[in-house]
Structure formats: C-alpha cells, structure tokens
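# Structural description and commentary
As a plain string of letters, each chain reads:
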Amino acid sequence: MEQYQCENHFSTIFPFWKDLDSKDKELLCQNTSMQTYKQGNLIHNGNHCTGAIVVSSGCLRVYLQPEQGREITLYRLFPGDICMLSASCVLEAITFDVTIDAEEESTCYLIAGGTFADMAARNLSMKNFALETAVSRFSDVMWVMQQILFMSFDKRLAIFLWDEITKTGQDSIKMTHEQIARYMGSAREVVSRMIKYFVAEGIVETSRGGLKIIDRNKLRELAL
C-alpha cells in the first residue's frame, strides 16, 4: 500500500499511530493491502489469522455459523470500523470462531496479522488498542446473546427494527423476512408472523422486499 495514502488514512483512525516511529509506520503500510469484496464474498472463516480488517467503504457482517442451527448475526462493520476478531494471531486469547462476509460491495484495508502482532508486542499503546477494540466487540456479542436467551421475540424484533432506522435515518427498511430472520438467528416463518402482528398493531406496513415503520413511538415503546 502506498505510504502517503496509508499514513493519511491510519493517522486518523489509529490513536497509537503517533506513538510509532517512522520505521514501524513504514512496516505497517508495507504489510497492508487494499481489498475489494463483492456482495456475499467470504472474508474470514473460523479462528485462522486473516489479519486486522479496517472497513473503508461498504458493510461487513460478523456472525456465528454453528454446525447445526441457524446463523446468528453478532454485529455489522461500517466505514471506519476495525475488526480484531479476525486476527487471532494478534491476541492469543481470542479463540472465538466468527465468520465475516461482505453484506454489500465493500473495500477494506487488510493488515497482516503477523506484522500487527510483532509490532503490538513492543508497542504498549498498540496492544492496548487491539485489546480495547476486541473487548468492545465482545460487549456487542453478549448483548446479542442476552436478547436470544432472555427476551421475547416481539421485543427482539422491535429492537432490531429500531436499530436499523436509527442507523439509516429512514423509516423504510429494505430487507426481506428471510434476511431479517438470518440476522436474528430465527426462522422466516417466525419473523413473518411477528411482522403480521406489527402490521395489525399499526406499527409497520409491508411492501415488496421491505417494510416501513409508520408508528415510531409504538416501536420504541416495545423496544425499551
């Protein structure tokens, strides 16, 4: 990756960048590649060390893919987000197998895991950054597990829909029932029945390939 482009970008997203000397900055840039993934492309699978992923554009989905059962979406990564769960060689304590794919066409910076690990071993601020990033994502994972284990499905769906319109700033959600079920780790039939209930309650209205929130207050009350 070109040094100027690399330094320009990394200096704005890595708080440890200012603590690196010129040789380490050059080393990190030399071991960083820019990759473009088409929608649906697999980026990381299992606990092998893909490296640290920095999203430049698009959106990635991080999820669990058990041998038996449905996928469970843990969180999504947007431009500026960094994934350390794909770099098990950086943090040896990471034994958490996740799968990452491109939810839409995405461009990412891929930092070689070995290089990142070697540098973090001798740079405390870099290692702390990696740990803090991983810990913050484990909080997201625990929130998903809490919803699945302890919340009713109507509340889970309300939270999911509320999060979607909060992220986009729009009342329309362009997702099929099948997509929503996949993100929530549920069955399409269960999602369809609950959306039908939401329609009857005047919370949403459905359209081909999506739905629209028509009563934000009711949705928010259910999500709280």
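Attention here is on the structure that accompanies the text. (Residues numbered from 1 in each chain as written. Predicted model: local features only at pLDDT ≥ 70, side-chain atom pairs only at ≥ 80, totals over all residues. Heavy atoms only, no water.)

## What about the nonpolar core?
Put simply, the rule reads: Throughout this description, the term nonpolar core refers to a set of buried Ala, Val, Leu, Ile, Met, Phe, Trp, Tyr and Cys residues connected via side-chain atoms within 4.5 Å. Relative accessible area decides the class of each residue, using a 1.4 Å probe on protein chains only: under 20% of the type maximum gives buried, over 50% gives exposed, and in between gives partly exposed. Comment: elements are numbered from the N terminus, with helices defined as DSSP H or I runs of at least four residues and strands as E runs of at least two. Note on definitions: a residue-residue contact is assigned when non-hydrogen atoms from the two residues lie within 4.5 Å.
Counting residues in each nonpolar core, the largest one holds 24 residues, and the members touching the most others are Leu-157, Leu-161, Ile-180 and Phe-198. Only helix 5 (153-168), helix 6 (177-184), helix 7 (188-200), strand 11 (210-213) and helix 8 (216-223) provide two or more residues apiece to this core. Among the elements that line this core, the one with the most residues is helix 5, at seven residues. Not counting residues up to four positions away in its chain, the partners in contact with Leu-161 are Ile-173, Phe-198, Val-204, Leu-211, Ile-213 and Leu-219. In terms of nonpolar packing, the next biggest core, distinct from the first, is built from 23 residues, Ile-13, Leu-20, Leu-28 and Met-84 among them.

## Some thoughts on the state of the cysteines
Definition in use: Any pair of cysteine sulfurs within 2.5 Å is marked as a disulfide.
All told, the structure shown has one disulfide when counted by the stated rule. One disulfide in the model links Cys-6 with Cys-29; its S-S distance is 2.0 Å. Between Cys-6 and Cys-29 the disulfide shows an S-S torsion of about -85°. By sign, it is left-handed. A residue pair is termed long-range when its members are at least 10 positions apart, and Cys-6 in helix 1 (residues 3-13) and Cys-29 in helix 2 (residues 22-30) qualify at 23 residues. Of the two residues, Cys-6 and Cys-29, neither departs from the other in class, the shared state being buried. Cys-108 provides the cysteine sulfur closest to Cys-59, a residue in no disulfide bond, and the two sulfurs are 9.9 Å apart. On the accessibility criterion, Cys-59 (1% relative accessible area) is buried. There is no disulfide at Cys-108, and the cysteine sulfur nearest it, in Cys-83, is 9.8 Å away. For Cys-108, a relative accessible area of 1% gives the class buried.

## Here's the deal with helix 7
Put simply, the rule reads: What a helix should span is 1.5 Å times the count of its residues minus one.
The end-to-end C-alpha distance of helix 7 is 18 Å, a good match for the 18 Å that 13 residues give at a rise of 1.5 Å each. Within helix 7, the full set of buried residues consists of Val-191, Ser-192, Met-194, Ile-195 and Phe-198. Phi for Gly-202, located one or two positions after helix 7, is positive at around 75°.

## Points about the packing of aromatic side chains
The condition is simple: Paired rings are identified among Phe, Tyr and Trp, the last through its six-membered ring, by centres lying within 6.5 Å, and are further divided according to the angle between planes into stacked (under 30 degrees), edge-to-face (over 60) and tilted (the rest). We call a charge positioned above a ring when the Lys NZ or Arg CZ atom is no farther than 6 Å from the ring centre and deviates by at most 35 degrees from the ring normal.
Applying the stated rule across the entire model yields nine aromatic pairs. Aromatic pair Phe-10 and Trp-17: ring centres 5.9 Å apart, planes at 70°, arrangement edge-to-face. Ring pairs connect the aromatic residues Phe-10, Phe-14, Phe-16, Trp-17, Tyr-109, Phe-116 and Phe-129, which therefore count as one cluster. A cation over an aromatic ring shows up here: Arg-76 above the ring of Tyr-183, its NZ or CZ 5.0 Å from the ring centre. In this structure, Arg-137 packs its charged tip against the face of Tyr-75, placed 4.6 Å from the ring centre.

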